[in-house]
Amino acid sequence: MSDTSPTARSAVRKTYKLYIGGAFPRSESGRSYPVTAPGGEFIANAAQASRKDARDAVRAARAAQPGWAKATAYNRGQVLYRVAEMLEERRDQFAQQIASVEGGPLDAAHAQVDASVDRWVWYAGWSDKLSQVLGAANPVAGPYWNISSPEPTGVVALLAPATPTLLGLTSVIAPAIVGGNTVVAVAPDACAVPAVTLGEVMATSDLPGGVVNLLTGSTAELAPWLASHLDVNALDLAGVAAGSDLARELEVAAAENLKRVVRPRAAQDWSADPGLGRMKPFLETKTVWHPIGI
Amino acid sequence: MTAQLALDDAGLRRLLHGLAPVDQVGADARAAKLGTRSIKTTAKARALDLAVRMVDLTTLEGADTPGKVRALCAKGIRPEPAQEDCPSVAAICVYGDMVAAAKEALAGSGVKIAAVATAFPSGRAPLAVKLADTVAAVEAGADEIDMVIDRGAFLAGRYAAVAEEIAAVKAACRTGGHDAHLKVILETGELATYDNVKRASWLAMLAGADFIKTSTGKVSPAATLPVTLLMLEAVRDFRAQTGRQVGVKPAGGIRTAKDAIKYLVTVNETAGPDWLDPDWFRFGASSLLNDLLLQRRKLATGVYSGPDYVTVD
Amino acid sequence: MSLFEYAPAPESRSVVDLKPSYGLFVDGEFADGSAGTFKSVNPATEEVLAEVALADAADVDRAVAAARRAYDEVWSRLPGRERAKYLFRIARIIQERARELAVLESLDNGKPIRESRDVDIPLAAAHFFYYAGWADKLPHANLGPDPKPLGVAGQVIPWNFPLLMLAWKVAPALACGNTVVLKPAETTPLTALLFAEICQQADLPPGVVNILTGAGATGAALVAHPGVDKVAFTGSTEVGRQIAKQVAGTSKKVTLELGGKAANLVFDDAPLEQAIEGIVDGIFFNQGHVCCAGSRLLVQESVAEEVVDRLRERMRTLRVGDPLDKNTDIGAINSAEQLARIRTLTEAGEAEGATRWSPPCELPERGFFFAPTVFTGVSQAHRIAREEIFGPVLSVLTFRTPAEAVEKANNTAYGLSAGVWTDKGSRILWLAQRMRAGVVWANTFNRFDPTSPFGGYKESGYGREGGRHGLEAYLDV
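About the thresholds
- Residues numbered from 1 in each chain as written.
- Chains lettered and ligands numbered in written order.
- Predicted model: local features only at pLDDT ≥ 70, side-chain atom pairs only at ≥ 80, totals over all residues.
- UniProt positions renumbered as here; feature names shortened; annotations may be inferred.
- Helix = DSSP H or I, 4+ residues; strand = E, 2+ residues; numbered from the N terminus.
- Rg over C-alpha atoms; globule rule 2.2 N^0.38 Å.
- Buried ≥ 20, exposed ≤ 12 C-beta atoms within 10 Å, placed from the backbone.
- Contact = placed C-beta atoms within 7 Å.
- Pairing = 2+ DSSP bridges.
- Axes fitted to C-alpha atoms, helices over the stretch in contact; angles between N-to-C directions.
- Nonpolar A, V, L, I, M, F, W, Y, C, P; charged D, E, K, R; others polar.
- Right-handed = clockwise from strand over helix to strand, strands pointing away.

- The name given to chain C in an unreviewed UniProt entry is Aldehyde dehydrogenase family protein, and the organism recorded there is Catenulispora yoronensis.
- According to the UniProt record, the Sequence similarities (unreviewed entry) comment for chain C reads "Belongs to the aldehyde dehydrogenase family."

- Looking at an unreviewed UniProt entry, one finds chain B named Deoxyribose-phosphate aldolase, with Catenulispora yoronensis as its source organism.
- Its UniProt record, at the heading Sequence similarities (unreviewed entry), says of chain B: "Belongs to the DeoC/FbaB aldolase family. DeoC type 2 subfamily."

Next comes the structure, spelled out in structure tokens:
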């Protein structure tokens with residue numbers, strides 16, 4: 001209920017837009033949709049991303065990928081850590097947004113923000129350890145130096161879960177980008193509100209534009225375009241119901257260019273220790289041989 | 001080529017270091033693969049006779065005597081006294097002071113006399129001594145001179161000194177109207193890398209070598225198949241660039257007919273059939289000849305022979 | 001070569017005791033198939049080598065059931081060190097029967113005996129030996145504290161390296177505690193059937209390894225079978241795509257090792273002689289029937305002419321003919337179908353304006369043979385620069401700068417392997433970093449080892465075979 005007395009000040013509301021290539025454009029379609037609380041109260045209008053927005057996002061992600069992969073692991077780790085710092089600073093803002101779009105007590109929302117911050121910190125530390133943990137020096141039977149090391153697969157399309165909003169997004173984005181991939185993430189429905197704010201965090205975290213691209217709107221509408229896109233290398237189906245027709249159809253579409261696919265799980269516990277499970281599928285093992293001689 | 005000879009160390013360095021590098025593992029693998037060729041029946045019979053004709057039957061001992069040299073010459077002329085179809089070897093290779101004895105024993109046989117010279121095997125003597133050594137051998141009747149390069153100078157990058165010395169020895173080979181063929185021993189066992197083998201091969205050819213030879217036989221490793229492969233590539237490329245054909249002589253360490261055939265396969269598939277001739281390819285060896293003879297007999301009779309049935313020289 | 005013509009040096013066939021017909025190997029025994037038989041042909045002579053049982057869906061059912069039984073009752077319960085002993089035993093028997101396997105491989109596949117003898121069979125034995133050692137060390141593989149087997153693996157392998165691909169599939173699967181149903185390629189089933197005998201000699205428990213011979217339909221039935229927990233496939237990208245679609249929506253774990261169109265980059269400072277050997281080895285090894293073949297030669301313009309001249313000279317010494325002759329470098333094309341495909345693509349190369357060259361060589365009158373061929377004047381847009389020919393056909397392109405080399409090399413939907421030839425260390429590493437390919441051979445090509453992971457980026461498939469990485473495909477971690 002707004003205060004209409006002459007001395008009252010009306011709040012300046014934020015326009016929720018997409019996050020593509022480091023900028024915050026509206027949907028090229030001009031569409032938006034109302035984000036509401038579980039009880040139905042209006043929260044904001046979010047941009048309803050279209051297939052062309054998805055196309056633009058993939059293009060931005062592809063353009064950013066070589067540079068991000070070439071950044072030193074130390075640098076990538078610091079950028080992810082910077083995301084955690086920025087997130088921490090906006091702790092209350094995120095908690096309020098989470099509580100409003102997900103419902104539930106503010107304490108739980110704060111706990112989700114804390115878990116998200118911790119998860120960014122956890123993944124930040126992985127950047128310069130992946131090669132050591134996942135790589136190998138292979139003792140081939142001959143005079144050859146032979147080293148295997150993980151490398152990013154390229155552009156990853158992520159279908160984020162509807163809830164938990166911030167922790168879900170964090171849990172799919174951070175593991176994909178830490179190894180040098182760039183991503184296009186679909187933040188569905190009410191997830192748009194914390195997602196766009198997360199975009200603002202990223203825009204102020206030294207994360208190069210295009211490394212993370214956020215599309216808000218409908219997973220069912222956007223996912224088929226991303227799953228079939230031939231310039232996308234991998235697909236995380238986290239936000240699709242396990243065993244659903246949609247999950248199968250997306251996997252079939254992804255097969256066209258042999259995308260690496262992470263299938264959805266029936267009972268995914270986003271608060272559990274994530275392990276290496278979401279990093280490995282988006283890393284290729286490259287093995288280099290060279291003769292040893294004088 | 002004379003223009004290049006005028007080059008100083010720096011110029012030669014640019015030239016030799018501008019040659020395509022050699023990957024050791026790849027060169028070894030190529031040689032090993034050539035070694036898997038299987039030469040059978042008629043091809044083997046031809047190969048064995050060719051190998052006999054390519055042998056520089058060698059004795060290079062402090063204990064050598066004219067008697068020993070005469071025995072070796074007899075063996076070289078008729079390796080298989082009982083078999084008319086067995087060819088003679090290409091040459092008898094001796095120290096300079098044995099040339100006279102060899103010349104007498106080989107008279108009219110067509111078998112050549114090769115003499116090692118230039119303070120063989122180390123080459124550590126003043127140039128004048130090396131040239132005198134050469135002139136003495138040539139005047140005593142040597143058809144071929146096997147000289148050693150100054151490995152110390154080569155490894156120190158004093159390429160001009162190495163080249164000038166080769167050219168001087170080449171001139172000494174032509175002393176008094178003679179025209180002895182010059183084989184230049186690179187002593188590859190002391191050159192350490194295949195890149196150096198390749199550079200030394202080119203340097204020797206540029207300086208006038210008629211043959212490039214792997215080793216003295218006094219240093220281990222002596223001839224190896226990969227080193228010979230590199231030298232064959234060098235003579236092939238040198239002819240393609242200059243039109244002049246240079247021979248190759250692996251020496252030391254080749255003891256079996258099986259090994260010799262591997263070398264011939266390598267000649268055939270690297271430099272090509274033009275080099276499959278005693279004028280262009282030689283084996284520097286002492287014990288190889290007997291194994292070639294044993295294998296020759298096996299092929300002719302179908303039974304394995306034994307060392308009691310070939311002569312010990 | 002008239003002066004020194006090599007006489008024929010044929011390897012003896014007598015070491016192989018071929019039966020007129022072979023059944024399916026299910027539950028430790030050979031049995032007739034439900035769908036009749038097909039013939040396996042020697043591609044070098046077109047003679048029928050043996051009749052082989054054709055497995056249908058009912059046979060797949062039986063084999064998967066046998067594998068499940070063996071998994072539940074025996075193999076998954078066996079301690080790792082005991083599984084290891086069986087694998088070591090198999091490695092040793094492969095070594096003991098190496099000559100027999102090599103001759104049979106060359107008869108059935110058409111590859112030169114030098115390669116089956118020196119590469120395929122020794123590497124197959126080495127693969128079993130390597131993975132045998134892993135069987136009791138899986139918790140130490142850095143793949144999680146408690147790795148568990150997946151269950152029954154359905155494995156479909158190609159005809160280019162029949163026994164070696166079997167080893168790549170079976171050895172890690174068994175080491176990790178899975179049981180397998182394997183389908184060898186339709187045109188090369190015989191060494192897999194001899195391998196079944198080896199399993200019997202090794203006293204491998206019945207049902208741990210089952211071998212179903214057949215064609216595409218058999219493989220499709222195996223992949224689709226609900227009792228299969230893990231699918232491993234090596235073959236064409238087209239079939240790999242179908243498999244990926246087929247398993248969509250299931251919980252089956254999949255690894256795919258598919259096609260390639262590898263670039264082999266030669267810079268002007270390369271060790272040239274070795275580069276020429278690497279080019280030859282890269283495209284003519286195994287008649288070019290190699291998914292990682294270096295089929296696109298990218299040469300720096302400044303040395304392009306010299307490299308092509310030297311390559312042609314080297315190609316003149318290649319010996320094409322009887323696979324059983326120890327001096328043969330290039331044997332028979334595996335099948336009439338493959339020969340037809342190679343011809344179609346090479347004709348397309350000529351039609352598109354590339355210049356075709358082969359050394360003069362007499363091909364045998366019978367059998368499927370194709371002369372080693374090099375195309376110059378090829379552009380990126382030509383079919384022969386884009387499509388996998390899977391034959392002894394090389395396309396030569398040029399580049400001017402390292403950046404252009406990288407761009408052209410990566411300009412393909414495939415990403416299995418790449419070659420780099422340059423003497424400059426920092427450039428090697430710069431290039432290796434930028435190649436979008438699972439295997440990068442620098443100053444060498446077509447090297448394989450059981451300890452070295454192998455597998456592709458992009459449409460060359462996913463998952464790795466070989467090395468510690470190869471375990472992950474067969475474990476729930």
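### Remarks on the overall build of chain B
Reasoning step 1: Counting secondary structure elements, chain B contains 13 helices and eight strands.
Reasoning step 2: Compactness check: chain B gives a C-alpha radius of gyration of 19 Å against a globular reference of 20 Å for 313 residues, within 12% of the reference.
Reasoning step 3: Taking all 313 residues of chain B together, 56% fall into the buried category.
Reasoning step 4: Partitioning the contacts of chain B with sequence separation of at least 6, the portion at a separation of at least 24 is 74%.

### Describing the overall build of chain C
Reasoning step 1: A count of helices and strands for chain C gives 14 helices and 20 strands.
Reasoning step 2: Expected size for 477 residues packed as a compact globule is a radius of gyration near 23 Å; at 22 Å, chain C falls within 12% of this value.
Reasoning step 3: Every one of the 477 residues in chain C was classed for burial, and the buried ones make up 61%.

### A closer look at the sheet that holds strand 7 (residues 212-217) of chain A
Sheet strands pair by backbone hydrogen bonding; their relative direction is either parallel or antiparallel.
Residue and element names in this part refer to chain A.
Reasoning step 1: The five strands lie next to each other as 7-6-5-8-9, forming an open sheet whose pairing is parallel. Edge strands, defined here as strands with exactly one partner in the open sheet, are strand 7 and strand 9 (260-262). Taking the axes of each pair of neighbouring strands and ignoring which way they run, one obtains an average angle of 15 degrees across the sheet.
Reasoning step 2: In terms of strand pairing, strand 5 (residues 155-159) meets strand 6 (residues 182-188) through five bridges, oriented parallel. Bridged to Leu 159 within strand 6 is Val 186.
Reasoning step 3: Across the face of the sheet, helix 6 (residues 165-178) comes into contact with strand 5, strand 6, strand 7 and strand 8 (234-236) while running at roughly 170 degrees to strand 6.
Reasoning step 4: Contacting strand 6 and strand 7, helix 7 (residues 192-203) crosses the sheet at an angle of about 160 degrees to strand 7.

### Observations regarding the UniProt feature "active site" (unreviewed entry) in chain C
All names here are of chain C.
Reasoning step 1: Residues given the UniProt feature "active site" (unreviewed entry) here are Glu 257.
Reasoning step 2: With respect to the helices, strands and loops of the structure, Glu 257 is situated in strand 11 (residues 253-257).
Reasoning step 3: Discounting residues that sit within four places of it in the chain, Glu 257 has contacts with Thr 234, Cys 291, Gly 455, Gly 456, Gly 461 and Glu 465.

### Considerations on the interface of chain C and chain A
Reasoning step 1: Between chain C and chain A, the residue contacts involve 33 residues of the former and 27 residues of the latter.
Reasoning step 2: Elements with a contribution of two residues or more to the side of chain C that touches chain A: helix 8 (237-246), helix 14 (425-434), strand 18 (439-442) and strand 19 (461-462) of chain C.
Reasoning step 3: Residues belonging to the side of chain C that touches chain A are distributed by class as follows: 14 nonpolar, 11 polar and eight charged.
Reasoning step 4: In this sheet, strand 18 of chain C lies alongside strand 10 (residues 283-291) of chain A in parallel orientation, the contact comprising three bridges. Note on strand 18 of chain C: the bridge partner recorded for A:Val288 is C:Val440.

### Side note on the interface of chain C and chain B
Reasoning step 1: Contacts between chain C and chain B engage 21 residues on the former and 24 residues on the latter.
Reasoning step 2: Its residues assigned to classes, the side of chain C that touches chain B shows nine nonpolar, six polar and six charged.

### Quick notes on the pairing of strand 3 (residues 112-116) of chain B
All names here are of chain B.
Reasoning step 1: Counting buried positions over the five residues of strand 3 gives five, a clear majority of the element.
Reasoning step 2: By the bridge criterion, five bridges tie strand 2 (residues 91-95) to strand 3 in an arrangement that is parallel. By the bridge assignment for strand 3, Ile 92 is matched with Ile 113.
Reasoning step 3: Viewed along the sheet, the connection from strand 2 through helix 6 (residues 99-106) into strand 3 turns out right-handed.
Reasoning step 4: Bridge count for strand 3 against strand 4 (residues 144-148) is three bridges, and the pairing is parallel. Residue Ala 114 lies in a different strand from strand 4, and its bridge partner there is Glu 144.
Reasoning step 5: Taking the sense of rotation as the criterion, the β-α-β connection linking strand 3, helix 7 (residues 127-139) and strand 4 turns out right-handed.

### Examining the UniProt feature "domain: Aldehyde dehydrogenase" (unreviewed entry) in chain C
Reasoning step 1: Per the UniProt record, "domain: Aldehyde dehydrogenase" (unreviewed entry) is annotated on residues 32-476 of chain C.
Reasoning step 2: Within the segment residues 32-476 of chain C, helix and strand shares are 41% and 16% respectively, and the terminal C-alpha atoms sit 35 Å apart.

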